[in-house]
Each structure stands twice: as C-alpha cells, then as structure tokens.
Amino acid sequence: MITAGIDLGTQSVKAVILKDNELISRGKAFSGFDPAKAAEEALGEALKEVKLAMSKLVHVTATGPGMDMAPNSNSTVSMMGADAKAGVYLFPNARTIVDVGAEEARAVKCDVNGIMMDFVVNERCAAGAGAFIEAMARALEVKLEDMGPLSLKAERASSINASCVIFGESDVVSLIHRQESKPEIARAIFDAMADRVSSMVHRLGVNPDVVLVGGVAKDVGFVASLKRKLGIDVLIPAYPEYAGALGAALVAVNRVRKA
Amino acid sequence: MKETPQKEDVEYWRWQEYHRVFSEKKWKNKDVITAGVDVGSVGSKATIMIDGEVYSWGVMRTGSNSPDSAKKALDWAMEGTGLRLDDLKYIVGTGYGRVNVPMANKAITEIACHAKGANYIWGPRVRTVLDVGGQDIKAIRCDETGRVTSFLMNDKCAAGTGRGMEVFADLLKIPIEKIGEVSLEVEEEPPPVSCTCVAFAKTEAMGLLRKGWSKEKVLAAYTHAMAIRMGNLIKRVGLEKEFVITGGQSKNIGIVSRIEKALDVKCLPMPDWRENGLDPMIAGAIGAALFGKALYEKAQKS
C-alpha cells in the first residue's frame, strides 16, 4: 500500500511517500505565493524519485498551516497530530515532540501510540520560531547556515530582548556597535529562542524522551542552546524538516486500514 | 541632485526625508539656541529652537549607527541657517537611541519629550498623547504644562507599529505616504487580521491576497487591527480629552480615522506640516529642545 503525506509550511512544502509503513522517498518545494502548486511539485518530486504515478497513491493526507490548499489530498490532520505520530514512529520512547519551523513553534505531548495528549503553540508571535534566527542573521550580516557554528565558538552569551523579533533586531544592531563579539551575539540569539521554546515544553511538563523536529532542528546552535535550557538530551532524526509530512503519511496509512 | 529611481527599484516603504527652516526668523548670538535630537528606531529627528520657538528641523531615516544618525539629523536641521554646533547652547538627546547622541549635554526619555512637544504643538489643552513610531506605541497622559502624569507602552512586542506598515507598503507596491488613504478605499470595513506581528506581516498579507482580497481590503484589515491595538493601550491608560497623535503614524489617515472610531473621539486637528505648520513627527525633538532651554537657563542662574 502506497500513501503520501504533504506538509504545507509557510516557507516550504514537504512531501513523503510510504510503502506500507516504510518511508521510500521525499520531495520539497518553496511555498511562494502558490502553495497548491508547490505541493504538486513536492509530491511530484517524491513520486518521480521512486518512479510511481499519482494513481498509485491509495490515500494522501495533508497537514501544515496551508493544508486546506493541498490539491489531490484525501484528508487532513492537525500539525500537532502529525508531529505526535512522526515522533513516536522515529523514536518509540518519544513523549514530547518539539517542532520549530519558519514561522511556528510548538511542543506536543503524546502517548506510546503517538496520540497527541496536549500541546502548546507560539500563536501570533515570531519570537521562538525560525523567522527569529533569519531576522537576526540579517542584522548580524552572517549567513543563516553559519549562525549555528558561529554561536558554538562563544563561551558566554550577550544579552538581548527575547520577547520580540523586531526588538531583538534593534538590540543586535546596538550590540554590533558596542563591538561585542559576533559568536557571543549569535549565542544570545539561540539562547533567546531556546528560552521561548523551552518555556513551552515546561508548560506541558518535561516528559522524556524529547524529540526535536522541523527545519530549525538542523541548526546546531539552536540545538545546543535548547539542550542547555532543558537540561536533558534532545533526540533529532535525520531529515527533521520532513517530520510533519511523515506524520501525515502515517495517518494516511491508519485511515486506509480503518476504512 | 538625487536621481529618481527606476521603476523596478522603487522602495515603496521609503518615506520622505526633509528639512525646513523658518527663514523669516533670524538668530542672534545672545539668543538661547537649543536643539533636541530624537533618534528613533526608524526615524531620526532634530529640531532647533530660538528662545523656545521652533526655528528649523530635519527628519531622516535612522541608519544602523545611532551616533551617525543623530549627527546627520542635527546637521540637516542646521543646513542653510548659518548655525554651527558651537552656537547651540544646549542639546538634549531623546528616543530609542538617546544614549547614543554624542553631542548631547543630556539624555531625556522620549515619553517626557513627546508630552512636552505635544503641549507645544497643540497647546495646554492636550491631555492624552498617542505616539506611534517605527517600533513603539506609547500612550501618555499629561497635565496643562506638558508634564507626564502616567503612560503605557508596548514593551514586549512590536506588533502594530510603523515597521509593519513599511512591510505592507513594499509587498503591495503602494507608496508609504498613500497607504492610509488606500486603506480607506473599501466599501465595507473588513474584520481585523488576527495577527499584527511585524515578522509575520508578509505571510499574513500573502494569505489574504491568495484568498482573493483586494490590496485595499488587505490594508484595511491590517490597519484596523493596528488601530485596535493602539486603542486598547489608550483605554488602559485612560483617555482624557483633548487627544492627539504624534510620531510617523500620525500621518497615516487610515490609522488616525480608525482610532477615532474605536475610541469615539476626534483628535485635535493635524498641523499643515506640508505647508507652514509643525510636523507631529518632531514632537519628541521639540520637547527635547524645550527641556534643553530650561536646563540651560537653570545652569546660567546657578
């Protein structure tokens, strides 16, 4: 049985294809102005990789903020539901899934079957999401991918306003003029974000194992800061940005079996 | 002369930088010439006063370096006046970058300066001042002398400030000066957007455009949400008439008219700043220059 999951994020659309319960391919496209088209591209890329036609897909489940725009989908699942499913599939002992994407961050508490029990999200605020790092990298004039490694060179962190991306940006500009070191500023940026994210986890109660997914999980600087703030290890799968799509595809499998 | 930019590189967010000198006034060395420099997060404003009367000002964009921006704004206020830095008896710095005004004799918080400046622009009847700048919203109550009696500001979040409007101007390709009028070109006021986070402004706008909303409707929904945020801040500090708006967003008719509606109050009329009146954007710098005069005179007496 072939199923697919599509995660329509604010920055990119991710698609994965499962054969029974086994992940066989992935695809990705930038959301741009037309997420529906991006979804077709991402799914098309994933299908092409394993030389499958769209007609072979038994069930397609969409998730992510743009899930209602997904073409050719049979059902949808909440982002929290998809995170929980994927987290436990990837790490059977996972009980807390932290998902940090471009514009969203959330913490999800789940049970042994990957059923979502409770969650906290960063509603209406970019502090704590990937957009924060992006804005700060621009202010610091450092490439986004260099931010993490740079921050790891610091022994201590500068102090910045963590409550708001826009205020944080102004703080970074002042710190540059005070000639504080870039690694220390970069570390402060990740610490600030990790503060926001760990406080979401604390609101749920810290239930190990904690799994980190979403595009920001690829940033070594953020990962180091989050581990420090939580005081426990954080598990990260390969391809963490595909977790939402994977969760959706797993939901698709369940829906076919139940039908 | 600056060349007009090519059509494709138009920066719609870019507001007009300008300076003005009331040339019918002449300064003499014995006058108390003071200056106020208000370095905001987005705009830098400098005002020069002669014996407590506005003589000239300059308004420009704040660069990444606060001391530079302060100096440039002050130089611009002095341009064509024959004044030199030495002629200024006292300089007060204010605004977000007030500690970074190298030539200032003293730094004073922008809350005090805006109340004082509003009192100067509109007279002693002003009791509530809303200052909306690039990333700040401040609701200030004051007495008939322009002294602050209480205030509230957005200290944790920049949602609903001028920066968001710049993002919208750019994305919708509407010059920032026109954005207020355009936001009023809707037959029916749409519901406010749920999120005014500046960092999400782009996503928010794209989502609405995708739904098939017109530019005007998108702007109306965002402006509406901003006005509600500002209105709530004023309600919390307590609205007392007369009410005025200062800062860059005081020029946004879309914001002003919606705040008036939300609070069921009329603002005192905007000075004709394009002609011969004072610009509400320089209220903070005026207040700073007035404090400068008082401080200078106090120092002379002792």
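What counts, and at which threshold
- Residues numbered from 1 in each chain as written.
- Chains lettered and ligands numbered in written order.
- Predicted model: local features only at pLDDT ≥ 70, side-chain atom pairs only at ≥ 80, totals over all residues.
- Axes fitted to C-alpha atoms, helices over the stretch in contact; angles between N-to-C directions.
- Helix = DSSP H or I, 4+ residues; strand = E, 2+ residues; numbered from the N terminus.
- Parallel < 35°, antiparallel > 145°, perpendicular 65-115°, else oblique.
- Contact = placed C-beta atoms within 7 Å.
- Nonpolar A, V, L, I, M, F, W, Y, C, P; charged D, E, K, R; others polar.
- Domains from an automatic or database assignment.

**Q** Quick rundown of the packing of helix H4 (residues 144-151) of chain A against helix H7 (residues 220-230) of chain A? Include the residues and the values.
**A** All names here are of chain A. With their axes 6 Å apart at the nearest point, H4 and H7 run at an angle of 45° to one another. In terms of orientation, H4 lies oblique with respect to H7. In this structure, H4 uses Met147, Gly148, Pro149 and Ser151 to contact H7, whose residues at the interface are Val220, Gly221 and Phe222. Of the residues that constitute the contact of H4 with H7, the class distribution is 4 nonpolar, 3 polar and no charged.

**Q** Describe the interface of chain B and chain A, and please don't skip the residues or the numbers.
**A** With 18 residues of chain B at the contact, the number on the chain A side is 16 residues. At 3 residues, the largest contribution of residues to the side of chain B that touches chain A is made by helix H5 (residues 201-210) of chain B. Within the side of chain B that touches chain A, the residues separate by chemical class into 8 nonpolar, 7 polar and 3 charged.

**Q** So what about the domain arrangement of chain A? Which residues, and what values?
**A** Residue and element names in this part refer to chain A. The domains assigned to chain A are domain 1 (1-91 + 239-259) and domain 2 (93-236). Placing a centre on the C-alpha atoms of domain 1 and another on those of domain 2 gives a separation of 25 Å. If you look at the interface, domain 1 gives 18 residues, while domain 2 gives 25 residues. Here the element with the most residues in the side of domain 1 that touches domain 2 is helix H2 (residues 79-90); it accounts for 11 residues. Each residue belonging to the side of domain 1 that touches domain 2 can be placed in one class, and the counts come to 10 nonpolar, 5 polar and 3 charged.

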